Amino acid sequence: MSVNIGNSWDELLKDEWNKDYYKKIREVLIHDYKNYKVYPDMNFIFEALKLVPFEDCKVVILGQDPYHNPNQAHGLSFSVKPNVKTPPSLINIYKELQNEFGYPIPNNGYLMKWAKQGVLLLNTSLTVIENKPNSHSKIGWQILTDKIIQLLGNSNRPIVFILWGNNARMKKDLIKSKNALILESPHPSPFSANRGFFGCNHFIKTNDYLIDNGLEPIDWKIENIWFTNF
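Here is a short report on the structure shown in this document. The shown structure was predicted, so the numbers you read here are calculated from the model rather than taken from an experiment.

This brings us to the environment of V119. Relative to the assigned elements, V119 resides in strand 3 (residues 119-123). Along the sequence, V119 and V160 sit 41 residues apart, while their C-alpha atoms lie 9.2 Å from each other. Each residue touching V119, except ones within four places of it in the same chain, is listed here: V52, V59, I61, W114, I218 and W220.

Below you can see the structure in the form of structure tokens.
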């Protein structure tokens, strides 16, 4: 059974849905969504791709695993739903943005604004069982997400790949285009942010690269949210 993303990814990924690895993923998901609490909601598994068609992608920010606590994950790496406490790694991302641009740290962790500007917030695993980090990291998702990274990384368009932490940096070899800018640093987690994430200037470097290639820079500022009806 094919997945309907609703944009150019459908054509690019159409052969993947009938491969054995994806059939295995489907079997695991059918079982686990029935028997456990799995995040994100099944309607949001491919949210990152739905929001950023292949031809609109300007930046890729790779995450590892969806958030595994209730009400957090909604299909975009590092992002949480509007009424959820901002996780520590994202707080550190905001601190780096504050260092680079002087932006105040917002009262939410909702990164939809970035996605709407062509920032693909892609996790290398697209689902997780509640309270069990990396529980779906071995079911085959990385075959699919590696394919996505390869497609973008072989494109001749200028695309910035932001790789934070060892798991993301391992994907560097999938990116072959001479027009790709690869930015690497330690992960923004509290355990590693002081080892080189703070001060990386990745957001400034990304915008400089986009401007140099005739593209609109990303407005990285996340505004406060003052209402709760989502």
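Counting 71 residues, the largest nonpolar core has F46, I61, W114, L120, W141, L152 and W220 as its most contacted members. When sequence neighbours within four positions are dropped, the list of residues in contact with F46 reads V3, I5, W17, Y22, L126, W141 and L144.

As a further point, take the sheet that holds strand 6 (residues 180-185). Read from one edge to the other, the open sheet built from 4 strands follows the order 3-2-5-6, with strand pairing classed as parallel. Each of the sheet's edge strands pairs with one partner strand only, and the pair in question is strand 3 and strand 6. Put simply, the sheet's adjacent strands are angled 20 degrees from each other on average, direction ignored. Summarising the sheet, strand 2 (residues 59-63) and strand 5 (residues 159-164) pair through 4 bridges and their orientation is parallel. Within the sheet, the bridge partner assigned to V60 lies in strand 5 and is F161. Contacts from helix 6 (residues 141-153) reach strand 2, strand 3 and strand 5 within the one sheet, and its direction differs from that of strand 3 by about 150 degrees.

What follows covers the environment of K50. With respect to the element layout, K50 can be found in helix 3 (residues 47-51). Distance from K50 to N4, taken between C-alpha atoms, is 9.3 Å for residues 46 residues apart in sequence. When residues no more than four places from it in sequence are discounted, the contact partners of K50 are N4, I5, N7 and N43. At a separation of 3.4 Å, a polar atom in the side chain of K50 contacts the main-chain carbonyl oxygen of N43.

Orientation of helix 2 (residues 20-35) relative to helix 6, taken along the N-to-C sense of each, is 125 degrees, at an axis distance of 9 Å. The orientation of helix 2 with respect to helix 6, classified from their angle, is oblique. Note on element contacts: helix 6 touches helix 2 through W141, I143 and L144, opposite Y21, Y22, I25 and L29. The residue inventory of the contact of helix 2 with helix 6, partitioned by class, reads 7 nonpolar, no polar and no charged.

This part is about the packing of helix 4 (residues 88-101) against helix 8 (residues 202-212). One way to put it is that helix 4 packs onto helix 8 with a least axis distance of 8 Å and a crossing angle of 60 degrees. Here helix 4 lies oblique to helix 8, going by the angle between them. Across from I93, E96, L97, E100 and F101 in helix 4, the residues of helix 8 making contact are H202, F203, I204 and N207. Grouping the constituent residues of the contact of helix 4 with helix 8 by class yields 5 nonpolar, 2 polar and 2 charged.

What follows covers unusual backbone geometry. Residues Y39 and P40 are joined by a peptide bond in cis, for which omega reads -5 degrees. Relative to the elements of secondary structure, P40 occurs in the loop between strand 1 (38-39) and helix 3. Residue F78 is not a glycine yet carries a positive backbone phi of 70 degrees. Locating F78 in the fold gives a position in the loop between strand 2 and helix 4. The exposure class assigned to F78 is buried, which follows from its relative accessible area of 9%. Although it is not a glycine, N134 sits at a positive phi angle of roughly 65 degrees. Mapped onto the secondary structure, N134 falls in the loop between strand 4 (128-129) and helix 6.

About the cut-offs
- Residues numbered from 1 in each chain as written.
- Predicted model: local features only at pLDDT ≥ 70, side-chain atom pairs only at ≥ 80, totals over all residues.
- Heavy atoms only, no water.
- Helix = DSSP H or I, 4+ residues; strand = E, 2+ residues; numbered from the N terminus.
- Contact = heavy atoms within 4.5 Å.
- Core = buried A, V, L, I, M, F, W, Y, C linked by side-chain atoms within 4.5 Å.
- Buried < 20%, exposed > 50% of the residue type's maximum accessible area, 1.4 Å probe, protein only.
- Pairing = 2+ DSSP bridges.
- Axes fitted to C-alpha atoms, helices over the stretch in contact; angles between N-to-C directions.
- Polar contact = N/O pair within 3.5 Å; in protein donor to acceptor, adjacent residues only side chain to side chain.
- Parallel < 35°, antiparallel > 145°, perpendicular 65-115°, else oblique.
- Nonpolar A, V, L, I, M, F, W, Y, C, P; charged D, E, K, R; others polar.

Geometry only, nothing functional implied.
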